[in-house]
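# Summary of structural features
Residue strings, one per chain:
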Amino acid sequence: MKDNYISVWISPDKMSAYINVSEPENEESYTVEEILGVLHQEGVKYGIDLKMLEQIVNQKLYNQTIKIAEGKLPIDGVDGRIEFYFELEVKYKPIILPDGRVDYRNLNLIQSVKKGDKLCTIIPPIPGEEGINVMGGRVVPIKDKPVKLPVGKNVVISEDGNTLIAGMDGHISYNDEKISIYPTYEVSGNVDNSTGNIDFLGNVVIRGNVLAGFSVKAGGNIEIWGVVEGAAIEAEGDITIRRGILGNNKATIKSKGSVYTRFIERSYVEAANDIRAEAVMHSSVKCGGHLILEGKKGLLVGGKSAIGKELIAKVIGSQMASTTIIEVGVDYELKE
């Protein structure tokens, strides 16, 4: 029989089939139907190249291994992903100024957000499509994987469940594949070239010193565990400086609440409410409430003080020091 002259080979993955037609001993030629019959007997049912079959028959393409069928490859699914609206990795990158100098103070290491800001959105997965091998069998695609929102602290999930929203003003933290918003930004050491200037919507805690030439601004309270040198500190809330202010006539402290510190020396300090310290020396001090100098020293010496309500101190002025100027009962903002 002619069938004996037709051999079929199927690839191991069953995605391709090849045929080799031997030259018949007699002059009788093959027909397309005969070759199709052999292919079907061998299990080849899908993706048969009928044009190639006709060429084999018409052009007598004998004793050649020819691909005669090809399956349909599956289309793998595309995994879901998360589109973030903030930088996942904040890089330490100083700014090169137009004159060639490098600004190590404004490093923009804090990513602040406001309540209601979008943080990230889920991009849903795209399902795959099945393929078919030459024997008509299903070829299953790689399944797409969904993703979950990286829900951390102080965040809100949108109504459709696909977007993460800031639940409060604060700074973004992305750790352990979770997004959280914290109302307090904490610096473990000094404010220096390693941190740059701080400008944050919420509260700021600095466990070290604030070095000369740097600035700290906060939309809430500021707490500094160390010393403030010739720096600029500004807060919408209270400012607490545990060790004191050594301003060298360059420090500027402004609070829309109260200022609490151990001592103030050669600095400008302004508070909408009260200022509390052990000593104020050779500084310009303005407050809308009370200037309270307590503790062992309770000293006010040198400089100028404008106090809205009351001055409480143990010692005011010194025969050895420069003139001490005091104004009490005056709204310094109104006066200016």
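So, here's what we can say about the structure. (Residues numbered from 1 in each chain as written. Predicted model: local features only at pLDDT ≥ 70, side-chain atom pairs only at ≥ 80, totals over all residues. Heavy atoms only, no water.)

## Digging into the overall build of the chain
If you tally the helices and strands in the chain, you get 3 helices and 34 strands. By the compact-globule yardstick of 20 Å for 336 residues, the chain is too spread out, its C-alpha radius of gyration being 40 Å. Seen through its C-alpha atoms, the chain measures out along the principal axes to roughly 135 × 45 × 35 Å. Within the chain, the fraction of its 336 residues that count as buried is 40%. A fraction of 34% describes how many contacts in the chain between residues 6 or more apart in sequence connect residues 24 or more apart. Total accessible area computed for the chain in this model is approximately 19100 Å², and 48% of it derives from carbon and sulfur atoms. Between the centroid of the 38 positive side chains of the chain and the centroid of its 46 negative side chains there is a distance of 12 Å. (Helix = DSSP H or I, 4+ residues; strand = E, 2+ residues; numbered from the N terminus. Rg over C-alpha atoms; globule rule 2.2 N^0.38 Å. Buried < 20%, exposed > 50% of the residue type's maximum accessible area, 1.4 Å probe, protein only. Contact = heavy atoms within 4.5 Å. Areas by Shrake-Rupley, 256 points an atom, 1.4 Å probe, with all protein chains shown as cover. Lys, Arg positive; Asp, Glu negative; His and termini not counted. Charge placed at Lys NZ, Arg CZ, Asp CG, Glu CD.)

## With respect to the packing of aromatic side chains
Within this structure, the stated rule accounts for 6 aromatic pairs. Ring geometry for W9 against Y18: centres 5.3 Å apart, planes inclined by 40 degrees, an arrangement best described as tilted. For Y18, a relative accessible area of 23% puts it in the partly exposed group. Where F84 meets F86, the ring centres are 5.8 Å apart and the plane angle is 80 degrees; that geometry is what we call edge-to-face. Three or more aromatic residues link up through ring pairs in this structure, and these residues are F84, F86 and Y174. Note that R242 overlies the ring of W225, its terminal NZ or CZ placed 4.2 Å from the centroid. (Phe/Tyr/Trp six-rings, centres within 6.5 Å; stacked < 30°, edge-to-face > 60°. Lys NZ or Arg CZ within 6 Å of the ring centre and 35° of its normal.)

## As for helix α1 (residues 32-41)
Three or four residues apart is the spacing at which side chains of an α-helix point the same way, because the helix has 3.6 residues per turn. Of all the residues in α1, the buried ones are I35, L36, V38 and L39. One face of α1 carries all of its buried residues, which in axial projection span an arc of 160 degrees. In this structure, α1 carries E33 and Q41 as exposed residues pointing more than 90 degrees from its buried face. Those residues of α1 that are buried lie in contact with β1 (6-10), β2 (16-21), α2 (50-59) and β3 (65-70). (Arc of directions from axis to C-beta.)

## So, α2
Along α2, the residues that are buried comprise M52, L53, I56 and V57. Buried residues of α2, viewed axially, fall in a sector of 140 degrees; they line one side. Counted as exposed and oriented over 90 degrees from the buried face of α2: K51, N58 and Q59. On its buried side, α2 packs onto β2, α1 and β3. Once α2 finishes, K60 follows within two positions and takes phi at roughly 50 degrees, a positive value.

## Some thoughts on the environment of G257
Along the chain, the position of G257 falls in the loop between β23 (244-255) and β24 (259-261). Overall, the relative accessible area of 5% leaves G257 in the buried class. In sequence terms G257 and G220 are 37 residues apart; their C-alpha atoms lie 9.5 Å from each other. Discounting residues that sit within four places of it in the chain, G257 has contacts with E236, G237, D238, A271, A272, N273 and D274.

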